[in-house]
Amino acid sequence: GAVVSQHPSWVICKSGTSVKIECRSLDFQATTMFWYRQFPKQSLMLMATSNEGSKATYEQGVEKDKFLINHASLTLSTLTVTSAHPEDSSFYICRAQQGASTDTQYFGPGTRLTVL
Amino acid sequence: DAKTTQPPSMDCAEGRAANLPCNHSTISGNEYVYWYRQIHSQGPQYIIHGLKNNETNEMASLIITEDRKSSTLILPHATLRDTAVYYCIVTGANSKLTFGKGITLSVRP
């Protein structure tokens, strides 16, 4: 079946540094990618939606200048957490959509970010 | 997207069927019902989805009531590895897949 990968699977960084997380669709072209984050014992919260070649659409309350999303190709989207702080520590998960919105959706395995 | 309501938790014995209910009384005609599950510290895993008719695949069956206001996910022979949080999501064209709190299924030996 379709596979979505994320890299790195976990990362620890110092406060104030930037961290880039990659999301790749391995055997299909993802026209749309979604980024979620999940705090401990909570559900997934959608952060932003990105279409290949277009600017991302951010959900209310998500700082677009802090969470930079790039979707430069049909198989790769990146999320950069700029000037990370401890409160940004979370589980970041991407989702890739191949075609129609009602098709099967594929999630990545997630990236655990810990900011010290 | 229409809102869904699920009980917070349930358990079942290994080898028995697990029936997970979901209410979505405000579902509109073009919205689908999706089920995902999330095992601890992993990304959500797609299980099944449907519009009106009942659906079955190798993982589960999805039973949607005729009025579409509720549905049931059936895991026919639950195993310990099915212990997870199960999310019932209703979504239409925007496909945002808004996650609620889900139901925690615990499969006991």
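Quick caveat: nothing in here was measured; it's all calculated off a predicted structure. (Residues numbered from 1 in each chain as written. Chains lettered and ligands numbered in written order. Predicted model: local features only at pLDDT ≥ 70, side-chain atom pairs only at ≥ 80, totals over all residues. Heavy atoms only, no water.)

Chemist: Could you give me a rundown of the nonpolar core, with the residues and numbers involved?
Modeler: Grouped together as the largest cluster of nonpolar side chains are 25 residues, with contacts concentrated most on Trp35, Tyr58, Phe67, Ile69, Leu79, Tyr92 and Leu113 of chain A. Secondary structure elements with two or more residues in this core: β2 (10-13), β3 (19-25), β4 (32-38), β5 (45-51), β7 (67-73), β8 (76-81), β9 (90-97) and β11 (111-115) of chain A. Each residue touching leucine 79 of chain A, except ones within four places of it in the same chain, is listed here: Val19, Lys20, Ile21, Trp35, Phe67, Leu68, Ile69 and Tyr92 of chain A. Counting residues in hydrophobic clusters, the runner-up holds 22 residues, among them Cys12, Val33, Leu73 and Ile103 of chain B. (Core = buried A, V, L, I, M, F, W, Y, C linked by side-chain atoms within 4.5 Å. Buried < 20%, exposed > 50% of the residue type's maximum accessible area, 1.4 Å probe, protein only. Helix = DSSP H or I, 4+ residues; strand = E, 2+ residues; numbered from the N terminus. Contact = heavy atoms within 4.5 Å.)

Chemist: I'd like to hear about the sheet that holds strand β7 (residues 70-75) of chain B, residue by residue, with values.
Modeler: Taking strand neighbours across the sheet as the criterion, the four strands line up as β2-β7-β6-β5 (chain B) in an open arrangement whose pairing is antiparallel. With one partner strand each, in any of the chains shown, β2 (18-23) and β5 (55-56) of chain B form the two edges of the open sheet. (Pairing = 2+ DSSP bridges.)

Chemist: I'd like to hear about the interface of chain A and chain B, residue by residue, with values.
Modeler: Reports often express the size of an interface as the amount of accessible area lost when the parts come together. Listed per partner, the contact involves 20 residues of chain A and 19 residues of chain B. Counting each side, the surface lost to burial between chain A and chain B is near 1,500 Å², with a carbon and sulfur contribution of 53%. For the interface between chain A and chain B, the tally reads zero salt bridges. Linking chain A to chain B there are four residue pairs in polar contact (both at pLDDT 80 or more). Secondary structure elements with two or more residues in the side of chain A that touches chain B: β4, β9 and β10 (105-107) of chain A. For the side of chain A that touches chain B, a count of residues per class yields eight nonpolar, eight polar and four charged. (Buried area = accessible area lost by both parts, 1.4 Å probe. Salt bridge = Lys/Arg side-chain N within 4 Å of Asp/Glu carboxyl O. Polar contact = N/O pair within 3.5 Å; in protein donor to acceptor, adjacent residues only side chain to side chain. Nonpolar A, V, L, I, M, F, W, Y, C, P; charged D, E, K, R; others polar.)

Chemist: Any chance you could break down the environment of threonine 111 of chain A for me, citing the residues and the numbers?
Modeler: All names here are of chain A. Counting through the fold element by element, threonine 111 comes out in strand β11. Look at threonine 111 and you get buried, because its relative accessible area is 0%. Residues threonine 111 and proline 8 lie 103 residues apart in sequence; the distance between their C-alpha atoms is 6.2 Å. Beyond its immediate sequence surroundings of up to four residues, threonine 111 is in contact with Gln6, Pro8, Ser9, Trp10, Val11, Ile21, Ser90, Phe91 and Tyr92. Here proline 8 takes part through its backbone oxygen, which lies 2.6 Å from a polar atom of the side chain of threonine 111.

Chemist: Outline the sheet that holds strand β1 (residues 9-13) of chain B, listing residues and values.
Modeler: Residue and element names in this part refer to chain B. The five strands are arranged β1-β9-β8-β3-β4 in an open sheet whose pairing can be described as mixed. Every other strand in the sheet has two partners, leaving β1 and β4 (45-50) as the edge strands with one partner each. Taking the axes of each pair of neighbouring strands and ignoring which way they run, one obtains an average angle of 25 degrees across the sheet. As paired strands, strand β3 (residues 32-38) and β4 are joined by five bridges and run antiparallel to one another. Counterpart to valine 33 in the pairing with β4 is glycine 50. (Axes fitted to C-alpha atoms, helices over the stretch in contact; angles between N-to-C directions.)

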